[in-house]
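Fold and contact review
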Amino acid sequence: MLTFYPGTDKMIKIQEAEGQIITSYEVYEKRLSDSKLLVPAIEVHLQRLGRIPDLVAADAGFYSASGEKTVHRMGVKKVSIPNRSTKSAARRKLQKTRWFKNGQKWRTGCEGRISVLKRRHGLNRCRYKGDDGMKIWVGLGAICDNLITMGRYLQEKPET
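Since the model is a prediction, treat every value here as computed from it, not as a measurement.

1. Digging into the pattern of salt bridges
- Going through the model one piece at a time under the given rule, you end up with eight salt bridges.
- Note that Arg91 is salt-bridged to Glu68, the shortest N-O span being 2.8 Å. Of this pair, Arg91 sits in helix 3 (residues 89–94) while Glu68 sits in helix 2 (residues 65–74), and the two are 23 residues apart along the sequence. Here Arg91 and Glu68 have matching classes, each one buried.
- In this structure, a network of salt bridges that share partners links the residues Glu16, Arg113, Arg120 and Asp145.

2. Concerning a positive patch on the surface
- Residues Arg92, Lys96, Arg98, Lys101 and Lys105 make up a contiguous surface patch of positive charge.
- Of all the elements, helix 4 (residues 98–119) adds the most residues to the positive patch, at three residues.
- For Lys96, the position within the fold is in the loop between helix 3 and helix 4.
- On the basis of relative accessibility, which here comes to 62%, the residue Lys96 falls in the exposed class.

3. A short note on the environment of Phe100
- Within the secondary structure, Phe100 sits in helix 4.
- What makes Phe100 buried here is its relative accessible area of 2%.
- Put simply, Phe100 and Ile136 are 36 residues apart on the chain and 35 Å apart in space, counted from C-alpha to C-alpha.
- Those residues in contact with Phe100 that lie beyond four places of it in its chain are Val79, Ser80, Ile81, Pro82, Arg91, Leu94 and Gln95.

4. Considerations on the pairing of strand 3 (residues 21–28)
- Examined bridge by bridge, strand 2 (residues 11–17) and strand 3 share seven bridges and lie antiparallel to one another. Residue pairing in the sheet places Met11 in a bridge with Tyr28 of strand 3.
- Between strand 2 and the antiparallel strand that follows it, strand 3, lie three residues; Gly19 among them carries a positive phi value of about 80°.

5. A few points about the packing of helix 1 (residues 38–49) against helix 2
- Helix 2 packs onto helix 1 with a crossing angle of 20° between their chain directions and a minimal axis gap of 9 Å. Here helix 1 lies roughly parallel to helix 2, going by the angle between them. You can see that helix 1 and helix 2 cross each other, and the crossing is right-handed. Residues Leu38, Val39, Ile42 and Glu43 of helix 1 form the contact with helix 2, whose participating residues are Gly67, Glu68, Thr70, Val71 and Met74.

Rules used in this analysis
Residue numbers here run from 1 along each chain, matching the order of that chain's written sequence. Side-chain atom pairs in this predicted model are given and counted only at pLDDT of 80 or more, local residue features only at pLDDT of at least 70, and totals for whole chains, interfaces and linings cover all residues. Here the side-chain values reflect all heavy atoms present in the structure, with hydrogen atoms and water set aside. Here, a salt bridge means any Lys or Arg side-chain nitrogen found within 4 Å of an Asp or Glu carboxyl oxygen. Secondary structure follows DSSP: runs of H or I at least 4 residues long count as helices, runs of E at least 2 residues long count as strands, and numbering of each begins at the N terminus. For every residue, the accessible area (1.4 Å probe, protein chains only) is compared with the maximum for its type, and the residue is labelled buried under 20%, exposed over 50%, or partly exposed between those bounds. Only residues whose relative accessible area exceeds 30% and that form no salt bridge are eligible for patches; like-charged ones are grouped when within 9 Å, while nonpolar side chains (Val, Leu, Ile, Met, Phe, Trp, Tyr) are grouped when within 5 Å. Method for areas: the Shrake-Rupley scheme with a 1.4 Å probe, in which residue coverage is limited to the protein chains shown. We score Asp and Glu as negative and Lys and Arg as positive, and we do not count His or the chain ends. Note that the charge is assigned to NZ on lysines, CZ on arginines, CG on aspartates and CD on glutamates. What makes two residues a contact is simply this: any of their non-hydrogen atoms within 4.5 Å. DSSP-based pairing: two strands are paired if at least 2 bridges between them are found. For every element, the axis is a line fit to its C-alpha atoms; helices are fit only across the contacting stretch, and the angle between N-to-C directions ranges from 0 to 180 degrees. Should an angle lie under 35 degrees it is considered roughly parallel, over 145 roughly antiparallel, and from 65 to 115 roughly perpendicular; all remaining angles are considered oblique. By definition, turning the near helix anticlockwise from the far helix through less than a right angle yields a left-handed crossing, and turning it clockwise yields a right-handed one.

Remember, this is a structural readout, not a statement about activity or role.
Structure, rendered in structure tokens:
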């Protein structure tokens, strides 16, 4: 999950699945704490894809102990969200495990998605007016990016 601010007081959340496919986006009227977005993001994933993800990766802003416990109870096996302020030796050890680090590497790769969405699809500045216009603009950017990603996948796929 990624959040960014398109030069306004609004906030945009992007969810991405395997293969760099954007599965969900949301435009928030005001900047919220990322930690409040974790559980609803898993619920959206379940609703759209019909299953709970095995791994959830996000930046430290999404961390909260209660949120992590809740998503584990929902069925997520691995949660790769760093807690930068931990004093717990067990937590520091968890954050050094291979799967946790791999989750963070995958998340770091997703950060490039923000740059692509801003640069290639113009999400750094909305061309439509009003809140509804902003939602349409972000949706069009997500659709365009998914079409390019799927086209590249199909182009690389060997013919059968």
